[in-house]
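Below, each chain spelled out in residue letters.
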Amino acid sequence: MLEMLRAHGLDAGPTQRPLAAGAMTGLLADLPALAVLLAFASLERLAAAAGASIAAAALLHAAAMALAGAGYGLLFRRAANDARGGWLFGTAYGYLVWQGVAVPLLQWLPEEPLLQGQPALGWLAGHLAWGLVLGLAFERVHRPLQSGLEEKVSSRPQPAGWR
């Protein structure tokens, strides 16, 4: 019965762990994003605006991207495992995070935009790189988290009358 429900589009359940996979993949995808942000001096500008070190800004960015990665798993659920379309889902999601979260927080809400010119371009490129890697790597990170779950579900004692 469980296999039939899964085959017909049942929402991802807690045993499928899309949030954990998304958070872990978000952290993994943050590595190339941080490289882009450092290359464009975006992270340096943010750290200076916050009065923090570059390492502290990088850690804060990594935490935010892990949270955004969990949002990716929550939003796309099993569609995030698409090996052929993952790059497109991820890049679009990276753009969505940039446009829906980063731009309002860093450009519109402050009295004066925090990033201008090359650092602003780096902020966009970093989010697109993050989304691309997120979409490409999600399936590879999610698969080991699911391994063994089918056996655990099928070996559980079933209640009387359960088929």
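Residues numbered from 1 in each chain as written. Predicted model: local features only at pLDDT ≥ 70, side-chain atom pairs only at ≥ 80, totals over all residues. Heavy atoms only, no water.

Peer 1: Lay out the nonpolar core in plain terms, naming residues and giving numbers.
Peer 2: By size, the foremost hydrophobic cluster in this structure holds 13 residues, and its most contacted members are Leu-43 and Trp-123. At the level of elements, α2 (18-39), α3 (42-50), α4 (54-76) and α5 (86-108) are the ones that each hand at least two residues to this core. Per-element tally for this core: the top contributor is α5, with four residues. Dropping the residues within four chain positions of it, Leu-43 is found in contact with Leu-34, Leu-37, Leu-38, Ile-54, Ala-57 and Ala-58. (Core = buried A, V, L, I, M, F, W, Y, C linked by side-chain atoms within 4.5 Å. Buried < 20%, exposed > 50% of the residue type's maximum accessible area, 1.4 Å probe, protein only. Helix = DSSP H or I, 4+ residues; strand = E, 2+ residues; numbered from the N terminus. Contact = heavy atoms within 4.5 Å.)

Peer 1: So what's going on with α5? Which residues, and what values?
Peer 2: Look at α5: 30 Å from first C-alpha to last across 23 residues, which is about the 33 Å you get at 1.5 Å a residue. Along its length, α5 reaches its greatest deviation from straightness, about 45°, at Ala-102, and the proline Pro-104 lies no more than four positions downstream. Looking only at α5, the buried set comprises Gly-86, Gly-90, Tyr-93, Gly-94, Val-97, Trp-98, Ala-102, Val-103, Pro-104 and Leu-106. (Expected span 1.5 Å × (residues − 1). Bend = angle between axes of the 7 residues up to and from the residue.)

Peer 1: Requested: an account of a nonpolar patch on the surface, with residues and values cited.
Peer 2: Where nonpolar side chains cluster on the molecular surface, the patch consists of Trp-87, Leu-88, Leu-132 and Leu-136 and spans about 370 Å² of accessible area. Going through the elements one at a time, α5 and α6 (118-146) are the ones with two or more residues in the nonpolar patch. Mapped onto the secondary structure, Leu-88 falls in helix α5. By relative accessible area, Leu-88 is classed as partly exposed at 49%. (Patch = residues over 30% accessible without salt bridge, like charges linked within 9 Å, V, L, I, M, F, W, Y side chains within 5 Å. Areas by Shrake-Rupley, 256 points an atom, 1.4 Å probe, with all protein chains shown as cover. Salt bridge = Lys/Arg side-chain N within 4 Å of Asp/Glu carboxyl O.)

Peer 1: Quick rundown of the packing of aromatic side chains? Include the residues and the values.
Peer 2: Enumeration over the complete set of coordinates arrives at seven aromatic pairs. With a centroid separation of 6.3 Å and 75° between ring planes, the pair formed by Phe-76 and Tyr-93 is classed as edge-to-face. Remark: Tyr-93 occurs in helix α5 and Phe-76 occurs in helix α4; sequence separation between them is 17 residues. Here Tyr-93 falls in the buried class, since its relative accessible area comes to 9%. Geometrically, the ring pair formed by Tyr-95 and Trp-98 is tilted, given 5.5 Å between the ring centres and 40° between the ring planes. Residue Tyr-95 and its partner Trp-98 are located together in helix α5, separated by three residues, close to a single helical turn. With a relative accessible area of 42%, Tyr-95 lands in the partly exposed category. Through successive ring pairs, a cluster of aromatic residues spans Tyr-72, Phe-76, Phe-89, Tyr-93, Trp-130 and Phe-138. (Phe/Tyr/Trp six-rings, centres within 6.5 Å; stacked < 30°, edge-to-face > 60°.)

Fair warning: the whole summary comes from geometry, so function is off the table for now.
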